[in-house]
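Architecture and fold: a report
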Amino acid sequence: HQALEAKEGVKIEGETQTIATITLQNLFRMYHKLAGMTGTAETEASELWEIYKLDVVVIPTNRPVRRLDLDDQVFRTKNEKYKAIIDEIERLNQRGLPVLVGTISVEVSELLSRMLTRRGIKHQLLNARYHEKEAQIVSQAGQPGAVTIATNMAGRGTDIKLAPEVVHLPRTVIESSLTLNDRLPSGETQRQFLLENPSGLQVIGTERHEARRIDRQLRGRSARQGDPGSSRFFLSLEDDLMRLFGSERIAAVMDRLGAEEGEVIEHPLVTRSIGRAQRKVEARNFEIRKHLLEYDDVMTQQRQVIYSRRRELLERDTAHEQVEEMIDATIGTLVEAHADAESHPEEWDWEGLSTELGKTFFLGLDVPAEERAKATPERLLERVGEAVRQSYRRRLELVGPEVFHQVEKSFLLHAVDTCWQEHLYEMEELKDSVGFAGVGGKNPLVEYKRGAYDLFEQLIARIDREGLRSLFQLRIDVGPPELDGRRRAVRARASAVHREATNLGFAGAAPAPALPTPADGLPLGTPSREDRGLVASGGGAGGEEAGPRQPVRAAPKVGRNEPCPCGSGKKYKQCHGRNA
């Protein structure tokens, strides 16, 4: 899309972002019970067991199958094949037998239709373009001399009822338990009789498919409920499957034998060889699906964690407990990263810790040098935690529990949604990159699992950090007492970024409630003067001591070459600092 927009000289829109992803296999495995019924599951029994742990049980047909599955006919070119198909249709049509021609595409069905029209053979074209006529066309496909051309998907689930005059077997035989190899009263077997006297619906396939089950579905349109019928496939060396099978060798043999144009190869050995080729292609396709599933299984574990976390937020009336846990986890991570217990306190990264506290909680760290020398990670963790919780409690008290809990749920849900979207993009990038691991002799799947684990740990930390940043960035201005006696007008205002984000309309996100009309005042998050060692990045005390109002910075100023606070990993000047 972006390339087309650039070509046409219009505004180039941003790259589309995936919100959720899942494979069909993992979608089905979310159900507690799985079951199904189909006539072609036997060829996929191994895959159904390996993926879903489902057994395949073959139920015998109600009556014996009396369909003759004739050997495939192989031609050199597609033109020769199509001419042979038209000749066969004309021969069967002259004998008054109904014919069903199965094609793999709409284009082939329309080509055969034009060829039949030139021959003057009446027919019906069924290629999923005439949905309202499908059932009517299929219901008439068993009449004497009827010719129906259908694609794979057309007419599914509709039985073709045969006219009595096209069935050349006695009704007593059809309703009996005699198989094709059993003898008729005349002394010959049913197979011999049907070869000499074609009967029932005649199915013609224009090409073999990569999956045997699709060929079986086409054959199965004929000879239902004990009726007679036959099926045959016409192939060419130019077909996709034949090229995979190795058509060059067959063409060389035909040249050595002096085969002329239009000459056909018909032998059970060729038919069995094509069946083996189909099984190889099926196994290859299964390995592709299995490989995809192995990658998605990694995502499934992560998806369950994130969705359960999101569901817990939606179902609870308040996210207070989650916020407390997030505060503890985030503070613990920050202190551990910047205050190494094995090194001297003076060697700790005090500036880095102060910067991170400002970015996340909008609190600065001001510890005198004499106190730094006596500090321990436990005391530092306790001190920072108390200051952050005090700032959180002040927000809760001023806004009111009911309103504030709705606000924090909205912010936390938005953090989960946006971070999960970014994570999906990162996982796609990881999947693309691990393909090169095979060049270095490493297993790409193992490298993907290792990288996915690291990315998921970063995701959890980023969700906590972004949720808390949004919550502590919430600015509440408190009016002076003289405006309304003991009552104060309270204003909660998120930054422009979060205000825009909460309007995106994520599914299930609780909308931020309307808050009281704002009045002039001081941003919340500024500790009292008694909170020694930790002061708000905004500074100032407020109340009666407040002088002329000064601009309040919600967080330390970000340098142009510093990492962007949004967590993208880019420099500030290349991300949100472009328009600053």
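Attention here is on the structure that accompanies the text.

Criteria and thresholds
- Residues numbered from 1 in each chain as written.
- Predicted model: local features only at pLDDT ≥ 70, side-chain atom pairs only at ≥ 80, totals over all residues.
- Heavy atoms only, no water.
- Salt bridge = Lys/Arg side-chain N within 4 Å of Asp/Glu carboxyl O.
- Helix = DSSP H or I, 4+ residues; strand = E, 2+ residues; numbered from the N terminus.
- Buried < 20%, exposed > 50% of the residue type's maximum accessible area, 1.4 Å probe, protein only.
- Patch = residues over 30% accessible without salt bridge, like charges linked within 9 Å, V, L, I, M, F, W, Y side chains within 5 Å.
- Areas by Shrake-Rupley, 256 points an atom, 1.4 Å probe, with all protein chains shown as cover.
- Lys, Arg positive; Asp, Glu negative; His and termini not counted.
- Charge placed at Lys NZ, Arg CZ, Asp CG, Glu CD.
- Polar contact = N/O pair within 3.5 Å; in protein donor to acceptor, adjacent residues only side chain to side chain.

Let us now look at the pattern of salt bridges. Under the counting rule described, the total for this entry stands at 28 salt bridges. Notably, a salt bridge pairs Arg212 with Glu282, separated by 2.9 Å at the nearest N-O pair. Here Glu282 lies in helix 12 (residues 268–315) and Arg212 lies in helix 9 (residues 212–219), a separation of 70 residues in the sequence. Judged by its relative accessible area of 10%, Glu282 falls in the buried class. Here Glu422 ties to Arg462 by a salt bridge, and the two come within 3.4 Å at their closest N and O atoms. On the criterion of sequence distance, the pair formed by Glu422 in helix 17 (residues 401–433) and Arg462 in helix 18 (residues 444–473) is long-range, its members being 40 residues apart. Classification of Glu422 by relative accessible area gives partly exposed; the value is 35%.

This paragraph deals with a nonpolar patch on the surface. Residues Ile22, Leu24, Leu27, Phe28, Met30, Tyr31 and Leu34 make up a contiguous nonpolar surface patch of about 670 Å² in total accessible area. Within the secondary structure, Leu24 is located in helix 2 (residues 24–28).

Negative charge collects at one region of the surface, where Glu15, Glu428, Glu429 and Asp432 lie side by side. Looking at the element boundaries, Asp432 is found in helix 17.

On to the side chain of Arg66. As for its position among the elements, Arg66 is in strand 1 (residues 66–69). In terms of polar contacts, Arg66 uses its side chain to reach the backbone carbonyl oxygen of Val173, at 2.8 Å. A polar atom in the side chain of Arg66 sits 2.9 Å from the backbone oxygen of Leu178.

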